[in-house]
Amino acid sequence: MTTSYPWQAGTATGVGSYPGDDPAEALRVVLGELPDLPHLPELPARGPGADLTGRTAGLLIDMPVRVEPSGWRFSDRPGRDTLRSRDHLARDLDVLEEVAGGHDGPFKIQVCGPWTLASTIELRHGDRALKDPGAVRDLTASLAEGVAAHVADVRRRLPAAEIVLQLDEPGLPAALAGTVPTASGFSRLRAVEEPVAEDALRTVIDAAGAYPVVHCCARNVPYGLLRGAGAKAISTDLRLVPKRDDDAVGETIDAGIGLFLGAVPGTDAALPSLQATGEPVKGLWRRLGFPPAQLARQVVITPACGMAGASPRYVRDALKRCRDTARMLYEAADE
């Protein structure tokens, strides 16, 4: 089947987070190392409100949050923690417009998905929102509205770009498996049924109006569910893709879904040769029996996960390695 992707063949990108607290410097690194598919960096070292949960919670409509010793919790009215989340994002978007306003290719932004958000934000009385189906529905509707507004804001600032929206769902497999702990930690919350999980994701994807990618850097990625929810690409850590998932991954490729494959360690490590970096990607493709030319078009090379725990020097080296690996796979497909 012929599928159109917003990225060029032989493309690399990042996952989301970086070390440090200077959004302009982080964005310049991204634009320099990942010119074909840059993204908005996330800098959790700035503290509460810059982390995955708090950053997205600041987008919620009429559902303010605050920080408790146990983590994020819904509150009655917007306080300093909600305002801090919004301030961090507003500054990042101002920097984005200033540094990259003329970008005319695909550009990726990241938000936390509804199931990871529901697994990490507590209700007012302390239980995780995931425990209450009504709270999850409210959260999903609020997130869908907030993400749609966020996408529209980014689009105003990057008028020539095609916006790619990444929903981060590292917590989804645990929610489906019923392994998310209760607030006390002594028991587990009931498993979420797949149709319910798929419907919530679809609600956010449909509302956003951007090219949807779902990132899940965990084991047991629910490929079929993500496709059913409307994901046009799925982002995973290649080391966590077991052979038992071959059928699901093959069906995903056959359906024309893009694969963002984490092929480079996300924290400081001695990088192997360029060939050794690309071999697991080629090995997966060979195992599944798809033509090499399709790999370069359908696969985007990324770090294994976010890079907030890496050193700045390693970040540059890892992003360059992602870019060089993607280019090598593209050139090999033409041979």
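Before any of the text, the structure's been laid out above.
These remarks concern the structure in this document. Computed from a predicted model, the values in this text were never measured in an experiment.

1. What to know about the environment of aspartate 81
Alright, step 1. With respect to the helices and strands, aspartate 81 occurs in helix H3 (residues 80-100).
Alright, step 2. It is 8.3 Å that separates the C-alpha atoms of aspartate 81 and glycine 54, two residues lying 27 residues apart in sequence.
Alright, step 3. In contact with aspartate 81, not counting residues within four places along its chain, are Val65, Arg66, Val67 and Trp72.

2. Topic: the side chain of serine 142
Alright, step 1. Of note, serine 142 is situated in helix H5 (residues 133-157).
Alright, step 2. Each residue touching serine 142, except ones within four places of it in the same chain, is listed here: Leu60, Ile61 and Met63.

3. As for the packing of aromatic side chains
The description of an aromatic ring pair rests on the distance of the ring centres and on the angle between the ring planes.
Alright, step 1. Across all of its chains, the model carries 4 aromatic pairs by this definition.
Alright, step 2. Plain terms: the ring middles of tyrosine 5 and tryptophan 7 are 5.1 Å apart, the flat faces sit at 20° to each other, and that makes the pair stacked. Each of the two residues, tyrosine 5 as well as tryptophan 7, counts as buried.
Alright, step 3. Centre to centre, the rings of tryptophan 7 and tyrosine 211 are 5.8 Å apart; their planes meet at 85°, and the pair counts as edge-to-face. Residue tryptophan 7 is located in the segment before helix H1 (23-33), and its partner tyrosine 211 is located in strand E5 (residues 211-215); the two are separated by 204 residues in the primary sequence.

4. So, the packing of helix H9 (residues 246-254) against helix H10 (residues 274-288)
Alright, step 1. For the pair H9 and H10, interaxial distance at closest approach is 10 Å and the crossing angle is 90°. When the interaxial angle is binned, H9 and H10 end up roughly perpendicular. Facing H9, whose interface residues are Asp246, Val249, Gly250 and Ile253, H10 presents Leu284, Trp285, Arg287 and Leu288.
Alright, step 2. Of the residues belonging to the contact of H9 with H10, the class tally is 5 nonpolar, 1 polar and 2 charged.

5. Brief notes about the pairing of strand E7 (residues 258-264)
Alright, step 1. Burial within E7 is extensive, with 7 of its 7 residues counted as buried.
Alright, step 2. As judged from the 5 bridges shared by strand E6 (residues 233-237) and E7, these two strands associate in the parallel manner. Bridge pairing links aspartate 237 to glycine 262 in E7.
Alright, step 3. Looking at chain direction, E7 and strand E8 (residues 299-303) are connected through 5 bridges and run parallel. Within the sheet, the bridge partner assigned to phenylalanine 260 lies in E8 and is valine 300.

6. Brief notes about H3
Alright, step 1. Over its 21 residues, H3 runs 29 Å from end to end, which matches the ideal 30 Å to within 8%, given 1.5 Å per residue.
Alright, step 2. For H3, the full list of buried residues reads Asp81, Thr82, Ser85, His88, Leu89, Asp92, Leu93, Val95, Leu96 and Ala100. Angular distribution of buried residues about the axis of H3 spans 165°; they occupy a single face of the element. Exposed and facing more than 90 degrees away from the buried side of H3 are Arg80, Asp87 and Glu98.
Alright, step 3. Buried positions along H3 lie against H1, helix H2 (52-57), strand E1 (65-68), strand E2 (71-74), strand E3 (106-112) and H5.

Reading the values: the criteria
Residues numbered from 1 in each chain as written. Predicted model: local features only at pLDDT ≥ 70, side-chain atom pairs only at ≥ 80, totals over all residues. Heavy atoms only, no water. Helix = DSSP H or I, 4+ residues; strand = E, 2+ residues; numbered from the N terminus. Contact = heavy atoms within 4.5 Å. Phe/Tyr/Trp six-rings, centres within 6.5 Å; stacked < 30°, edge-to-face > 60°. Buried < 20%, exposed > 50% of the residue type's maximum accessible area, 1.4 Å probe, protein only. Axes fitted to C-alpha atoms, helices over the stretch in contact; angles between N-to-C directions. Parallel < 35°, antiparallel > 145°, perpendicular 65-115°, else oblique. Nonpolar A, V, L, I, M, F, W, Y, C, P; charged D, E, K, R; others polar. Pairing = 2+ DSSP bridges. Expected span 1.5 Å × (residues − 1). Arc of directions from axis to C-beta.

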